Amino acid sequence: MCLLLRDVVPRATGILLFMETKMKDLEYKKWLDKASVIKSYAHFDQRVSLRTIISKINNPEYISHYAFKPFIHYPLTFKKYTRGERKDKTRELYYSSHQDRCVYQYYSHIIDQKYIERVNIDGISDVAIAYRTDLHQSNIDFAKTAFDFIRSYQKCIIMVGDFTNFFDTLQHSYLKSRLCDLLGVETLSEDFYKVFKSITKFSFVNLSDILKYYKMDDTFENRRTLNKKDVIMPIQELRKHKALIHTNNDNYGIPQGSAISAILSNVYMLEFDKKIHEYCSKNNALYLRYSDDSIFIFPVDTKDEFTTHYDTIMKTIESIPNLQLQKEKTKLYYYSDETVENIDSFIGNGENGKNIIDYLGFSFDGKKVHIRDKTVSKYYYRAYKKADTIAEMQGITPKGNIISEERLYKVYTNKGAKDKPGNFLTYVNRCVSAFGENEGVSRIAKVHYGKIKKRKRYK
């Protein structure tokens, strides 16, 4: 039987369209399955799964009249060690009510699909590497990309820095214009505007005030007790105490921690990423941005050649509203013949620091890649603490029972690395697999077991 071309092409096109539709349906199902996990925290409403309310949320008319609830806000303080000095760093975190989270997840998914299309069209798919659903890679892969690029040149300048208070400073009008541009509209539709307004002019209640309402001190234990409630406080009750509700009246800032904030931050940076990528491409350089952490790598023969590149980067940053590189965290390095030299003073950033490039949890000294000392120290601190407890109690509980050492080795050694959900050694093994046995990342895999066993000698 002979088929003419006009008979084949429509049928072939139909098959391709059918397959493409099936693939999109499959991707949507995978996303919905993942997004439908019920979160365990307590809020101003009942815990709910996205799957059970998706038919409401995907109705623009419903969202146009939807009433968002206040976020719950709390400062998260953690210790950081810089050049031997301990500093407390605080992040202002916000989490939405359960149904609000579902709304943000759905609209985040829509924006994410548009964002993926745009970065592929602009040729910058490999630039913004955080909060991406399509790259299927981790910090390990991105760090390796950067270090491999450095090694591919005999000499280069590396600048590592992050943007000051990134989520807290995003200007609303600029974000709105970037979102409209991405969606291909002049003005946001009523449902999109409702979501946008809720995330920019957001309201929130401080967790400490909720604890006070229940006459509880602000302690970790009391926060856990509060989270066990079915509803932290009915919204009807909250409305009786309007003084507890605060509103962001600034023309900048979105809450860090919501299900839509991450993708909106990437949308905000679209023009910057494109401009810097195009400039770097012309100069055989590499630019990567992981949320607010950025790395710029320029092949140069002399340090002075970087001056023009630095000026261009800073001018491009200044062209984006409220975008600012945090000076004290901006590090500059000169790589030459497998040697790294810190040259912070070259850009007027104080005295030169350590001759090691820190990026995405890894350190590079010009010869080998290591997992950052801070990360390894945390691991050993926790493992040693558990081992010390066993040693101090001589392996016997106060009731005379033998303490099983199995959990110690399951949690902190290769014995539990292959079990789900895995442990720190699972991560280490992934690092070794990516970087290779000859890198510094493999050292902890070789020595950790002996160190923990030695620490756990009974008195």
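A quick note: this is a predicted structure, and the numbers were derived from the prediction, not measured.

Caption draft 1: Looking closely at the environment of D337. Looking at where D337 falls in the secondary structure, it is placed in the loop between β8 (331–336) and β9 (339–342). In this structure D337 comes out as partly exposed when scored by relative accessible area, which is 47%. When the C-alpha positions of D337 and R151 are compared, they lie 9.0 Å apart, and in sequence the two are 186 residues distant. A distance of 2.9 Å separates a polar atom in the side chain of D337 from a polar atom in the side chain of Q154.

Caption draft 2: Looking closely at empty space enclosed by the protein. Counted by the stated rule, this structure contains one cavity of 30 Å³ or more. In this structure, the largest cavity occupies an estimated 40 Å³ of space. In this structure, the largest cavity is lined by I111, L179, F192, V195, F196, I260 and L264. In terms of residue count, the dominant contributor to the lining of the largest cavity is helix α8 (residues 190–200) (three residues). Of the residues contributing to the lining of the largest cavity, the split by class is seven nonpolar, no polar and no charged.

Caption draft 3: Main features of the pattern of salt bridges. Under the definition given, this model contains 19 salt bridges. For K331, the salt bridge goes to D344, with nearest N and O atoms at 3.7 Å. Taken together, the residues span a long stretch of sequence, with K331 in strand β8 and D344 in the loop between β9 and β10 (357–359) at a distance of 13 residues. Judged on exposure class, the residue K331 and its partner D344 are both buried. Note that R372 and D358 form a salt bridge whose closest N and O atoms lie 3.9 Å from each other. Of this pair, R372 sits in the loop between β12 (369–371) and α15 (373–392) while D358 sits in strand β10, and the two are 14 residues apart along the sequence. By relative accessible area, D358 is classed as buried at 17%.

Caption draft 4: Structural detail: the sheet that holds strand β7 (residues 293–299). Overall, antiparallel pairing links the five strands, which are arranged β6-β7-β3-β8-β9 in an open sheet. With partners counted over all chains shown, the strands left at the sheet margins are β6 (286–290) and β9, one partner each. Each adjacent strand pair in this sheet contributes to an overall mean axis angle of 20 degrees, direction not counted. Where helix α5 (residues 139–151) meets the sheet, its contacts fall on β3 (155–162), β6, β7 and β8, and the angle it forms with β6 comes to roughly 160 degrees.

Caption draft 5: Layout of the layout of surface pockets. Of the voids in this model, the second largest pocket is the one considered here, and its volume is about 1600 Å³. Lining the second largest pocket are 44 residues, and of these W31, H109, D112, Q113 and T133 sit closest to its centre. Elements supplying a minimum of two residues to the lining of the second largest pocket: α1 (5–35), α4 (98–122), α5 and α12 (261–268). The greatest single-element share of the lining of the second largest pocket, amounting to ten residues, is contributed by α1.

Caption draft 6: Just the confidence of the model for the chain, in detail. Taken over all residues, the pLDDT of the chain has a mean of 88, while the share at 70 or more is 91%. Confidence drops under a pLDDT of 50 for residues 1–9, and excluding neighbours within four residues, the segment shows two contacts in the predicted structure.

Caption draft 7: Seen up close, the packing of aromatic side chains. Tallied over the entire structure, the rule returns 36 aromatic pairs. Arranged with centres 4.8 Å apart and planes meeting at 85 degrees, the rings of Y66 and F68 form a pair that is edge-to-face. Summarising the aromatic geometry, the rings of F272 and Y287 are spaced 6.0 Å apart at their centres and angled 85 degrees between planes, so their arrangement reads as edge-to-face. You can see F272 sitting in helix α13 (residues 270–282) and its partner Y287 sitting in strand β6, a full 15 residues away along the chain. Neither residue differs from the other here; F272 and Y287 are each classed as buried. An aromatic cluster is defined as three or more aromatic residues linked by ring pairs; in this entry it consists of Y62, Y66, F68, F71, Y94, Y104, F202 and F204. Taking the ring centre of Y409 as reference, the NZ or CZ of K415 above it sits at 5.4 Å.

Caption draft 8: Highlighting the packing of α13 against helix α14 (residues 306–318). The contact between α13 and α14 brings their axes to 10 Å, and the two run at 165 degrees. Taken together, the axes of α13 and α14 are roughly antiparallel relative to one another. As for the relative orientation of α13 and α14, their crossing is right-handed in sense. Along the contact surface, α13 presents F272, K275, I276 and Y279, while α14 presents T308, H309, T312, I313, T316 and I317. Looking at the contact of α13 with α14 residue by residue, the classes come out as five nonpolar, four polar and one charged.

The rules behind these values
- Residues numbered from 1 in each chain as written.
- Predicted model: local features only at pLDDT ≥ 70, side-chain atom pairs only at ≥ 80, totals over all residues.
- Heavy atoms only, no water.
- Helix = DSSP H or I, 4+ residues; strand = E, 2+ residues; numbered from the N terminus.
- Buried < 20%, exposed > 50% of the residue type's maximum accessible area, 1.4 Å probe, protein only.
- Polar contact = N/O pair within 3.5 Å; in protein donor to acceptor, adjacent residues only side chain to side chain.
- 1 Å grid on protein atoms, 1.4 Å probe; cavity = no way out; pocket = protein on both sides within 12 Å on 5 of 7 lines; lining within 4 Å.
- Points joined across faces, edges and corners; volume = space filled by probe spheres on them.
- Nonpolar A, V, L, I, M, F, W, Y, C, P; charged D, E, K, R; others polar.
- Salt bridge = Lys/Arg side-chain N within 4 Å of Asp/Glu carboxyl O.
- Pairing = 2+ DSSP bridges.
- Axes fitted to C-alpha atoms, helices over the stretch in contact; angles between N-to-C directions.
- Contact = heavy atoms within 4.5 Å.
- pLDDT = per-residue confidence, 0-100.
- Phe/Tyr/Trp six-rings, centres within 6.5 Å; stacked < 30°, edge-to-face > 60°.
- Lys NZ or Arg CZ within 6 Å of the ring centre and 35° of its normal.
- Parallel < 35°, antiparallel > 145°, perpendicular 65-115°, else oblique.
- Left-handed = near helix turned anticlockwise from the far one by under 90°.

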